[in-house]
Amino acid sequence: MSSDGPTIRSLESEDRRFPPPDDFAASAVATAELYDRAAADPEAFWLEQAREILDWYTPPTVACDAANPPFFKWFTDGVLNASVNCLDRHLAARGDRVAFHWEGEPGERLDITYRDLHERVCRLANGLRARGIGKGDRVAIYLGMVPEAVVAILACARIGAPHTVVFGGFSPDSLRDRIIDCGCTALITADGSWRAGKVIPLKRNADAALESCPDVHTSVVVRRTESEIAWSEGRDVWYHELVADQPAECDPERMAAEDPLYILYTSGSTGKPKGILHTTGGYLTGVAATHRWCFDLKDDDVYWCAADVGWVTGHSYIVYGPLANGATSVLYEGAPSTPDKDRWWSIVARYGVTILYCAPTAIRSFMKWGTEYPERHDLSSIRLLGTVGEPINPEAWIWYRTHIGGERVPVVDTWWQTETGQIMISPLPGVTTLKPGSATRPLPGITADVVDARGESVPLGQGGYLVLRRPWPAMLRTLYGDDERYVDTYWSTYEGMYLAGDGARRDDDGDYWLLGRIDDVMNVSGHRLSTIEIESALVDHPLVAEAAVVGRADATTGQAIAAFVTLKGHATGDESIIAELRQHVATKIGAIARPKSIVLTDDLPKTRSGKIMRRLLRDISENRQLGDVTTLANEEVVQEIAGMAESARSSEGS
Ligand code: WTA
């Protein structure tokens, strides 16, 4: 980031407003009073939440220990077990309640009650202990979206063995790097995993990874796809054999609040992935509280977070938050387009899903596919929608509310990170007036700010760098094995503030609008522009489903705006559409934002968690060798776009 003061110029204005429906507000779980209570004394507020929401062997008496910043600790004298909070304590009152309606991609259906889940977790936990795995040992989990993924996570938590879940779409090399960095001694995987009608060969990938991981003495294998697999005697053990003779009860490890719960790797813009370390008491408090507030969780809700357990969203809002709250969830194994593009909506209708939480990238795919798919099903059970993972374009927000939410329901746009562990900026659905594209306010107990390069708050209406000014319970504690990089990455830019790495603007009401990663900011003729606003202006055009914008070097203006656009229904476009789109942006936000070139493409390069990789588009636009592509989900599109960008450059408009 440059050292001169300025901030990110923000051009877009979105003036649609959606106050909470009266009946929703009247019975909302989280009310406005929470903000006041938290503001009066944030630490006391979180301590109260911790004691109220969780079951402790020893309840904590202290909130945040800030003796050695930025190595903050929370609830240090508390003792608890996360799996007990997610399972055991629900058994008496709601043991027969469904924890997960699981649906396999090929069509199997299974309802798993809290009692079932408890039993499965105990058996696996005992099985792991029988293999010599215990408190402090790191266990890698490399599975698809099968019930055993949740079981494995909780079994590790039960015996105090920090887990590191590696998304099932990652390559053998990525798996190997994480296992080594984390010093894992055991792995839980499967013979394969279903995705879009094909088998992902998890065991084959794992075997390749383990060739360079001599410390892994146990590889537990779930049978899922019945694929042919190799077998390493002694190391490999079938899951079903491991648990077969184990007792259905397992004495949980008593964990200090600050004992590690898990490590989850997230990619940095440079260097090797960062191992985000989360601990037990603060994390569980943060995710359980925010899951209640943001999703207005009630007893009869059927909640579906459609993320993968391999991402933090899966950890916090499929596993720990919902289970700590005793919720009933949906877990779906496969692709949204298998066997047809209405799969999600058939699931919503079948289980009567009331709360759906997904990523903007999924919503933009649905927009691209068209409304006929949701229209095939009765979606009237839905009463709340949520999004996470990227800034959501206002048109995608409106589409989601209209076509999935029946124009009735609140949409909560939740901003947070692997590092924050819990949702940080989000509406409270019964309180907040919604604005499409805005994550609105920091949650009760959270203190955010938008600052300039010197670290000073920018006035309302302006853009800058998003920071967090106070520690929060579910925050990362460090980068595993690399305290120095932890301090450097997050705490060294500004004294006493956590740097999120995102741009943001607060509007005149003080609501936050996320502007994307700082690295993606463009500088056109001396104006810093955020990519998301121009993208949203493009998506606002009725023909456009998805857009990505980057700055590429330009002799005259410093950077010029290069746009990549996908049309709805895979329509093809021509020069006249391109001209129209350029004009549309100029009309919506001003001539300065008019893209210099627009490439129409069938798809955009995305990470495996669905975020647009603007960095690669920048490389393409500047005709450079492509940077690291190991986290890219759809490699083929890159070559295709590169060819088109080449011809766009030669015929670009003024
Ligand atoms: C982006 C996902 C805008 C942001 C939970 C952040 C968002 C990064 C939003 C973290 C949102 C996430 N609006 N941007 N509602 N939610 N982001 O670690 O850039 O996979 O820094 O965690 O996603 O991604 P991560």
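Quick caveat: nothing in here was measured; it's all calculated off a predicted structure.

### Observations concerning the overall build of the chain
Per the secondary structure count, the chain includes 20 helices and 30 strands. In terms of overall size, the chain behaves like a compact globule, its C-alpha atoms giving a radius of gyration of 24 Å where 654 residues would be expected to give roughly 26 Å. Projecting the C-alpha coordinates of the chain onto the three principal axes gives extents of approximately 75 × 60 × 50 Å. Counting every position in the chain, which comprises 654 residues, the buried fraction comes to 61%. Taking the intrachain contacts of the chain between residues at least 6 apart in sequence as the baseline, contacts between residues at least 24 apart amount to 71%.

### Description of the sheet that holds strand β20 (residues 411-413)
Reading across from one edge, β5-β4-β17-β16-β18-β19-β20 is the order of the seven strands in this open sheet, with mixed pairing throughout. Two strands close off the open sheet at either side, each with one partner strand: β5 (109-113) and β20. Neighbour-to-neighbour, the strand axes of this sheet turn through a mean angle of 20°, independent of strand direction. Here strand β16 (residues 302-305) pairs with strand β18 (residues 355-358) via three bridges, running parallel. By the bridge assignment for β18, W304 is matched with L356. Across the sheet, helix α11 (residues 312-324) is in contact with β4 (98-103), β16, β17 (328-332) and β18; its angle to β16 comes to roughly 160°.

### As for the site of the ligand
Residues in contact with the ligand amount to 16 residues; listed here are only the nearest, D413, T414, T418, D502 and R517. Between the ligand and T418 there is a distance of 2.6 Å, counted from an oxygen atom to a side-chain nitrogen or oxygen. One of the side-chain N or O atoms of K611 is found 3.0 Å from an oxygen atom in the ligand. Summarising the interface, the protein chains cover 91% of the accessible area of the ligand, which totals 530 Å² for the free molecule. Secondary-structure elements contributing two or more residues to the shell around the ligand are α11 and β25 (512-517). Residue classes in the shell around the ligand are distributed as six nonpolar, five polar and five charged.

### Considering the packing of aromatic side chains
Counting across every chain of the model gives 30 aromatic pairs. Their ring planes at 35° and their centres at 5.2 Å tell us that F18 and W397 sit as a pair that is tilted. Of this pair, F18 sits in the segment before α1 (22-26) while W397 sits in helix α15 (residues 394-404), and the two are 379 residues apart along the sequence. The exposure classification of F18 matches that of W397, with both residues buried. Between the aromatic rings of Y486 and Y490, the centroid separation amounts to 6.1 Å while the plane-to-plane angle is 55°, which identifies the pairing as tilted. With a gap of four residues between them, Y486 and Y490 both fall in helix α16 (residues 483-491), about one helical turn apart. In this structure an aromatic cluster arises from ring pairing among F71, F72, W472, Y486, Y490, W491 and Y498. For the cation-ring pair, R178 lies above F170, with the distance from its terminal atom to the ring centre recorded as 4.5 Å. The lysine or arginine in question, R223, covers the ring of W238, its NZ or CZ lying 4.6 Å from the ring centre.

### So, the nonpolar core
The biggest cluster of nonpolar side chains holds 138 residues, and the ones touching the most others in it are L117, L124, L154, F295, Y320 and L323. With 10 residues, the top contributor of residues to this core is helix α6 (residues 147-159). With 54 residues, the next largest nonpolar core counts V353, F366, L379 and L385 among its residues.

### What to know about the sheet that holds strand β22 (residues 463-468)
Here we have four strands laid out as an open sheet, ordered β21-β22-β24-β25, and antiparallel in their pairing. Either end of the sheet is taken by a strand with one partner, and the two such strands are β21 (448-451) and β25. Shown here is a sheet whose adjacent strand axes are inclined to one another by a mean of 45°, direction ignored. When strand β24 (residues 498-506) meets β25, the two strands line up antiparallel, connected through five bridges. Bridged to R506 within β25 is Y512.

### Digging into unusual backbone geometry
Cis peptide bonds are those with omega within 30 degrees of zero, and the linkage from P69 to P70 qualifies with 5°. If you trace the backbone, P70 turns up in the loop between β1 (64-65) and β2 (73-74). The omega torsion across T338 and P339 is 0°, close enough to zero to call that bond cis. Positive phi values are uncommon outside glycine, yet E226 reaches one of about 60°. Mapped onto the secondary structure, E226 falls in the loop between β11 (218-222) and β12 (236-238). The backbone phi angle of E407 is positive, close to 60°, even though this residue is not glycine.

Rules used in this analysis
- Residues numbered from 1 in each chain as written.
- Predicted model: local features only at pLDDT ≥ 70, side-chain atom pairs only at ≥ 80, totals over all residues.
- Heavy atoms only, no water.
- Helix = DSSP H or I, 4+ residues; strand = E, 2+ residues; numbered from the N terminus.
- Rg over C-alpha atoms; globule rule 2.2 N^0.38 Å.
- Buried < 20%, exposed > 50% of the residue type's maximum accessible area, 1.4 Å probe, protein only.
- Contact = heavy atoms within 4.5 Å.
- Pairing = 2+ DSSP bridges.
- Axes fitted to C-alpha atoms, helices over the stretch in contact; angles between N-to-C directions.
- Near = heavy atom within 4 Å.
- Polar contact = N/O pair within 3.5 Å; in protein donor to acceptor, adjacent residues only side chain to side chain.
- Areas by Shrake-Rupley, 256 points an atom, 1.4 Å probe, with all protein chains shown as cover.
- Nonpolar A, V, L, I, M, F, W, Y, C, P; charged D, E, K, R; others polar.
- Phe/Tyr/Trp six-rings, centres within 6.5 Å; stacked < 30°, edge-to-face > 60°.
- Lys NZ or Arg CZ within 6 Å of the ring centre and 35° of its normal.
- Core = buried A, V, L, I, M, F, W, Y, C linked by side-chain atoms within 4.5 Å.

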